[in-house]
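Tertiary structure, described
Here is how the chains run, residue by residue.
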Amino acid sequence: GYKQMTLETGSEFVCDVNTSRVGDGLRGIQVRANDTFDQRGTDTTQINVDNTPPEINEVTANDSIVSSGEPIAVEVSLLQDTVSTISHVEVDGFVNLSYNETSQLWEGVTKAGIDANNAVDVIAVDKAGNKDTDGSTTYEIDDNPPFVQVGAPLNNSAQNGEFFLN
């Protein structure tokens, strides 16, 4: 069926087309215009439909136990999609990953949160706006200093200026 279009600026007409019910690939669109005298003109064009989201294959972080606010290096691998089809990859709400052609990974840095357990939340977005999310990579916050306990020197003795500790 046909859909009503609205006149935007100048002589450009705009129409939203829901492509969610058609498969990916080139699809033909026919445009028909009627004037006030009911005279019709038609034209056809093709659009490339992409309803398939990118697929996050793996998310890795450089450390699983960190201090609050500490930087965490993140690497993301995607399946199937090439760098030319991806708009951006973001981590923890920021578009801060860039593509490394040598490793073929999306790489960047995020900061550890302040909660006891956290996930690195990654979203990959292709140029058609399709998204995939992954929050499976987790890290633990450890802001406690190491516990050190020193006992008395063994038999209260020293050898060559060194104490022997229990």
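Residues numbered from 1 in each chain as written. Predicted model: local features only at pLDDT ≥ 70, side-chain atom pairs only at ≥ 80, totals over all residues. Heavy atoms only, no water.

**Observations concerning the overall build of the protein chain**
Which entries qualify depends on this criterion: Only DSSP runs of H or I covering at least 4 residues are called helices, and only runs of E covering at least 2 are called strands; the numbering of each starts at the N terminus. Accessibility here uses a 1.4 Å probe with only protein chains present; expressed as a share of the type maximum, an area under 20% marks a residue as buried, one over 50% as exposed, and anything in between as partly exposed. Here, residues are in contact when the closest pair of their heavy atoms is within 4.5 Å. For the accessible areas, the method is Shrake-Rupley and the probe is 1.4 Å, while residue cover comes only from the protein chains on display.
Counting secondary structure elements, the protein chain contains 0 helices and 14 strands. Order of helices (α) and strands (β) in the protein chain, N terminus to C terminus: β-β-β-β-β-β-β-β-β-β-β-β-β-β. Scored against the burial criterion, the 166 residues of the protein chain give a buried share of 19%. In the protein chain, once contacts between residues fewer than 6 apart in sequence are set aside, the share between residues at least 24 apart is 49%. Carbon and sulfur atoms provide 48% of the accessible area of the protein chain, an area that totals close to 12000 Å².

**Re the environment of Thr44**
Tracing the chain through its elements places Thr44 in strand β4 (residues 40-49). Those residues in contact with Thr44 that sit more than four places away from it in its chain are Ile29 and Gln30.

**What about the nonpolar core?**
To keep things clear, this is the line we draw: Residues belong to a common nonpolar core when they are buried Ala, Val, Leu, Ile, Met, Phe, Trp, Tyr or Cys residues joined through side-chain atoms within 4.5 Å.
With 18 residues, the main nonpolar core has Val76, Leu78, Val89 and Val122 as its most contacted residues. When residues of this core are traced back to their parent elements, those giving at least two are β5 (55-61), β7 (71-79), β8 (86-91), β11 (117-126) and β12 (131-141). Per-element tally for this core: the top contributor is β7, with 4 residues. When residues no more than four places from it in sequence are discounted, the contact partners of Val122 are Ile56, Val59, Val76, Val89, Glu90, Val91, Asp132, Thr133 and Asp134.

**Focus: the confidence of the model for the protein chain**
The line we're drawing: For every residue, the predictor reports its confidence as pLDDT, a number between 0 and 100.
Mean pLDDT over the protein chain stands at 84; residues scoring 70 or higher make up 84%. Across the protein chain, the secondary-structure element scoring lowest on mean pLDDT is strand β14 (residues 162-165), at 58, and the one scoring highest is β5, at 94.

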